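# Overview (structure and organization)
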Amino acid sequence: NPDRPCGSGGKYPAGLEVRENKITGNIDWAVEVRDGRNARQTELDFTDNWWGTTDAINIAERIRDQSDDGGSAFVEFLPVWDSPPGENPSPTRTGPGGQTFWNGRIEQAQTWWPGDQTTLVGKTIFTAGLTIEAGTEVQAVDHALIVKGPLTATGTSDQPILFTAEDSTPEKGDWYGVVLDGTQ
């Protein structure tokens, strides 16, 4: 029954969780999602897996989902494991360069500070409060920062908040932007 809830709070349809695995060595896509019933409203739980790296940008390049094709479901893959199964892996959002990666539905209030190296990878939805402190840089790969809860982002003339693409030479269209969605 695809309407039966499972997983964390029932946010995923039944049978769409792939967790605590090793997902490496694939020829093309590590995960490819095709159209299905209510695909645009579906989120697939691929959190807490070892992908051969903690670099979320590299991982996202191996996932074909709604971030690539607006008609399919979305794969939430963060946090990832910091090492392979059997080596006492721990969930992490920290990449090899010290970045803090965000992806998927974030249901706990967060505060981002200058120096956090905040990077959004694919669709990122905040349903709880999000505070972005003055001087913070928020980089995005694809998609958007979607806020469905309280947002406080107040820069200053000396310390503006920079929203930009995760690219050495960002261009218009590299990412969608900030979306304020008052549905929750």
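This structure is a prediction, so every number in the text was calculated from the model and none was measured.

### Some thoughts on the pattern of salt bridges
All told, the structure shown has three salt bridges when counted by the stated rule. Put simply, Arg19 and Asp48 hold a salt bridge, and the shortest N to O gap is 2.5 Å. Taken as a pair, Arg19 in the loop between β2 (12-13) and β3 (31-32) and Asp48 in the loop between β4 (43-45) and α1 (56-60) lie far apart in primary sequence, 29 residues in all. Taking the relative accessible area as the measure of exposure, Asp48 reaches 12% and is therefore buried. Asp181 serves as the salt-bridge partner of Lys148, at 3.7 Å between the closest nitrogen and oxygen. Placement of Lys148 in the loop between β14 (144-147) and β15 (151-153) and of Asp181 in the segment after β17 (177-180) is noted, with a sequence separation of 33 residues between them. Overall, the relative accessible area of 18% leaves Lys148 in the buried class. Within the structure, one salt-bridge network assembled from shared partners comprises Arg19, Asp45 and Asp48.

### A closer look at the side chain of Thr92
Structurally, Thr92 is set in strand β8 (residues 91-92). Apart from residues lying up to four places away in sequence, Thr92 is in contact with Thr54, Leu78, Pro79, Val80, Trp81 and Asp82.

### Points about a nonpolar patch on the surface
Together, Leu151, Phe163, Val178 and Leu180 line one region of the surface with nonpolar side chains, adding up to about 340 Å² of accessible area. Assignment of secondary structure puts Leu180 in strand β17. What makes Leu180 exposed here is its relative accessible area of 64%.

What counts, and where the lines are drawn
Residues numbered from 1 in each chain as written. Predicted model: local features only at pLDDT ≥ 70, side-chain atom pairs only at ≥ 80, totals over all residues. Heavy atoms only, no water. Salt bridge = Lys/Arg side-chain N within 4 Å of Asp/Glu carboxyl O. Helix = DSSP H or I, 4+ residues; strand = E, 2+ residues; numbered from the N terminus. Buried < 20%, exposed > 50% of the residue type's maximum accessible area, 1.4 Å probe, protein only. Contact = heavy atoms within 4.5 Å. Patch = residues over 30% accessible without salt bridge, like charges linked within 9 Å, V, L, I, M, F, W, Y side chains within 5 Å. Areas by Shrake-Rupley, 256 points an atom, 1.4 Å probe, with all protein chains shown as cover.

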